[in-house]
Amino acid sequence: MIVRKKRVVASRLRQVSDDKMASPSPGAKVASARKQRGWTQSDLARAARISRQAVFQIESGITLPRIDTALRIANALGGEVHALFSEEASDAIRVAAGGPGAGARVHVIHLEGRWVAHSSDAPDRMGAGFHSSDGVLVREGGGLRLDTCLPRESLEENLFLAGCDPALGIFAEEVTQLSRQRGRCVWIPCGNGEALRRLIEGETQVAGIHFDGKSDEANLAAIKKSGLEKSCTMLRFSRWEQGWMLGPSAGKSFHGIGSLSGSRLRLANRERGSGCRTALDRMAREEGVPTRKIRGYQSVTTNHAGCARWIASGFADVGLGCAAMARLFALGFVPLEQTTFDLVIRRDHLDKPLVRALCNLLQSGKFLRMLAGIPGYETSSSGQVILP
C-alpha cells in the first residue's frame, strides 16, 4: 500500500513537472499568435515597428522585449502584454486598492505581503515628458492587475523613496545604478506629512523629512512622536538653505512675513504637513500675523519646484522654498535658515540590495560632491546615523 501511494505521488509530481515544462514560453506565445494571423516574422516586425531580427530573438527566447516594444507587439497581435509575456498566470500581480486606477502607468513595490502602486506620470514628477514605468494597471475580476513584461523577481526588489528634497531625483537614479541589482529606486515627490503617512501605512520603504529648520533634533522628535523609533533608522541626507522665493512683483515691498498681512502680495503656500508650511505657520505665530489676512494662504503647491513655478508664472509673488529652486526659476531669494533633511528607513528592509546601495551612496565622495554642487546644499554631515 505504501509503495503504491509513493508511485501515485511520484506520478502526480511528474505530471505537474511535465505541465510546467509544457507551459509555452513568452516567445512561443508570440510565435503562435503570429502564425494564427498568417503572418511572417517580417509582417509582425512591420506591424510592431521593430526589426525582423528582434522578432526572431524574442520568439527564440534569446531576449525579452522592453515594455514599450512588448506593448507594440501585443497591440499588433490583438492581445494583452500579460497574456503574451507572463510565464505563469499565478505570477499575476494584483495591486492594492486605493491608489491609481485602471489605465494608469505605474511603478510598484512589494511591501507587507501586497503590491503597492504609484503613478509614474504623476504631475509632480512630470518634466518635459514621460518617465519609464513598470507597467499599466488593467481591471480584472473586480480588482487591478499590473500588465507588465518585467520579471516578478525584479519588481519585488523595487524601492520607493518619498520626500520633497529636489535632490532626491538624482539620488534615486544613482541608487539604481549603484545597486547593479534587479529593481529600481523611484522618487515620490511629497511633503513631510505625506511621506511619513506613506511610511506608516506601508506605502514606501524610505521617507525623507525636514521639520523645523531651527533645530537638528526636530526630525528625530517627529519620528518619536510618530512611534517609528523602534521600527526605523534615520540617516542624515543633507542640509540646504531655505528662505523666501520672490517674484519680480514683490520688488522692495517685501521685508518678511509681516509684509504679507493685508497687502497686495500673493503667497504661494505649501500643503499642510510640509516643512515649509510648518515654518510659515511658526513665523506667523511668532510675529503675530493672522493667516486669514495673508492673500493666497489657502493656495497649495505640493513641492519646492511647484511653488517656484507658481511664482515664476505670475500666479503668486512670494513663497517659501530652497535656494536651488529660486535660482533655477530666476527668482529673488532671501535666506532664512539652514534646513536639515533626513532619511527614515524601515529596519526590516535594511538588507534589501537597493537600501544597502542607498546607505553606501551617502558615504560616496563622488555623490557628495555632486550634491554639494547644487546651490545652497551642504554635505558635511551627510550619511551620519541619527537614529540607529
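Everything quoted here is computed from the prediction, not taken from an experiment.

A.B. asks: Please set out the overall build of the chain residue by residue, giving values where relevant.
C.D. replies: Helix and strand content of the chain: 15 helices and 13 strands. Considering only contacts in the chain between residues 6 or more positions apart, those separated by 24 or more positions represent 72%. Carbon and sulfur atoms form 52% of the exposed surface of the chain, whose accessible area is close to 18900 Å².

A.B. asks: Help me get a handle on unusual backbone geometry, residues and values and all.
C.D. replies: In this structure, Arg49 is a non-glycine residue whose phi angle is positive, near 60 degrees. Mapped onto the secondary structure, Arg49 falls in the loop between α3 (41-48) and α4 (52-59). Notably, Ala330 is not glycine yet its phi reads approximately 55 degrees, a positive angle. By the secondary structure assignment, Ala330 is in the loop between α13 (323-328) and β11 (332-346). Among the residues examined, Ala330 registers a relative accessible area of 70% and is labelled exposed.

A.B. asks: Tell me about helix α15 (residues 365-372), and name the residues and values.
C.D. replies: The complete set of buried residues in α15 reads Phe367, Leu368 and Leu371. Around the axis of α15, the buried residues are gathered within 100 degrees of arc, so they sit on the same side. Residues of α15 that are exposed and point more than 90 degrees away from the buried face comprise Lys366 and Arg369. Summarising the contacts, the buried residues of α15 are in contact with α8 (168-179), β9 (232-246), α14 (353-361) and β12 (377-378).

A.B. asks: Can you explain the pairing of strand β6 (residues 159-163)? Please cite residues and give values.
C.D. replies: Of all 5 residues in β6, 5 are buried, a share of seventy percent or more. Residues Leu159, Leu161 and Gly163 line one face of β6 and the alternating positions Phe160 and Ala162 line the opposite face, and both faces are buried. In this structure, β6 lies alongside strand β7 (residues 185-189), joined through 5 bridges in parallel fashion. The partner of Leu159 across the bridge, within β7, is Cys185. Relative to strand β8 (residues 206-209), β6 runs parallel, the two being bridged by 2 bridges. The partner of Ala162 across the bridge, within β8, is Ala207.

A.B. asks: Before we move on, can you summarise the packing of aromatic side chains with the specific residues and values?
C.D. replies: One pass over the full model with this rule turns up 7 aromatic pairs. Both rings, one in Phe237 and one in Phe341, keep their centres 6.0 Å apart while their planes meet at 70 degrees; by these two values the pair is edge-to-face. You can see Phe237 sitting in strand β9 and its partner Phe341 sitting in strand β11, a full 104 residues away along the chain. Ring centres of Trp240 and Tyr377 lie 6.4 Å apart, and the angle between their planes is 35 degrees; on these two criteria the pair is classed as tilted. Of this pair, Trp240 sits in strand β9 while Tyr377 is found in strand β12, placing the two residues 137 residues apart along the sequence. Of the residues examined, Trp240 reaches a relative accessible area of 0% and is grouped as buried. An aromatic cluster is present here, built from Phe171, Phe237, Phe341 and Phe367 joined pairwise through their rings. Directly above the ring of Trp39 sits Arg37, whose terminal nitrogen or CZ lies 5.2 Å from the centroid.

A.B. asks: Now, about the packing of α3 against helix α5 (residues 67-77): what can you tell me, with residues and values included?
C.D. replies: Where α3 meets α5, the closest approach of the two axes is 8 Å, and the angle between their N-to-C directions is 115 degrees. Judged by the inter-axis angle, α3 sits roughly perpendicular to α5. By crossing handedness, the relation of α3 to α5 is classed as right-handed. Of the residues in α5, those touching α3 at Leu44, Ala47 and Ala48 are Arg72, Ile73, Ala76 and Leu77. The residue makeup of the contact of α3 with α5, split by class, is 6 nonpolar, no polar and 1 charged.

A.B. asks: Give me the lowdown on the confidence of the model for the chain, citing residues and values where you can.
C.D. replies: Counting all residues, the mean pLDDT for the chain is 87, and 90% of those residues have values of 70 or more. Taken together, the stretch residues 1-22 has pLDDT below 50 and engages in 0 contacts with residues farther than four places along the chain or on a different chain.

A.B. asks: Tell me about the pattern of salt bridges, and name the residues and values.
C.D. replies: Following the criterion strictly, the structure yields 21 salt bridges and no others. Notably, a salt bridge pairs Arg282 with Glu337, separated by 3.5 Å at the nearest N-O pair. Placement of Arg282 in helix α11 (residues 275-286) and of Glu337 in strand β11 is noted, with a sequence separation of 55 residues between them. Taking the relative accessible area as the measure of exposure, Glu337 reaches 15% and is therefore buried. For Arg346, the salt bridge identified is with Asp348, shortest N-O distance 2.8 Å. Its relative accessible area of 10% is what places Arg346 among the buried residues. On the accessibility criterion, Asp348 (53% relative accessible area) is exposed. Within this structure, Glu194, Arg197, Arg198, Glu201 and Glu203 form a network of salt bridges that share partners.

A.B. asks: Help me get a handle on the pairing of β8, residues and values and all.
C.D. replies: On β8, burial covers both faces: Val206 and Gly208 on one face and Ala207 and Ile209 on the other are all buried. Bridge analysis of β8 against β11 gives 4 bridges, and the strand direction is antiparallel. Counted as the bridge partner of Val206 is Ile345 from β11.

A.B. asks: Go over helix α10 (residues 218-225), please, and point to the residues and values.
C.D. replies: Listed in full, the buried residues belonging to α10 are Ala218, Asn219, Leu220, Ala222 and Ile223. Tucked into the core, α10 has its buried residues touching α9 (192-200), β8, β9, β11 and β13 (385-387). Just beyond α10, the residue with positive phi is Gly227, at close to 75 degrees.

Definitions and cut-offs
- Residues numbered from 1 in each chain as written.
- Predicted model: local features only at pLDDT ≥ 70, side-chain atom pairs only at ≥ 80, totals over all residues.
- Heavy atoms only, no water.
- Helix = DSSP H or I, 4+ residues; strand = E, 2+ residues; numbered from the N terminus.
- Contact = heavy atoms within 4.5 Å.
- Areas by Shrake-Rupley, 256 points an atom, 1.4 Å probe, with all protein chains shown as cover.
- Buried < 20%, exposed > 50% of the residue type's maximum accessible area, 1.4 Å probe, protein only.
- Arc of directions from axis to C-beta.
- Pairing = 2+ DSSP bridges.
- Phe/Tyr/Trp six-rings, centres within 6.5 Å; stacked < 30°, edge-to-face > 60°.
- Lys NZ or Arg CZ within 6 Å of the ring centre and 35° of its normal.
- Axes fitted to C-alpha atoms, helices over the stretch in contact; angles between N-to-C directions.
- Parallel < 35°, antiparallel > 145°, perpendicular 65-115°, else oblique.
- Left-handed = near helix turned anticlockwise from the far one by under 90°.
- Nonpolar A, V, L, I, M, F, W, Y, C, P; charged D, E, K, R; others polar.
- pLDDT = per-residue confidence, 0-100.
- Salt bridge = Lys/Arg side-chain N within 4 Å of Asp/Glu carboxyl O.

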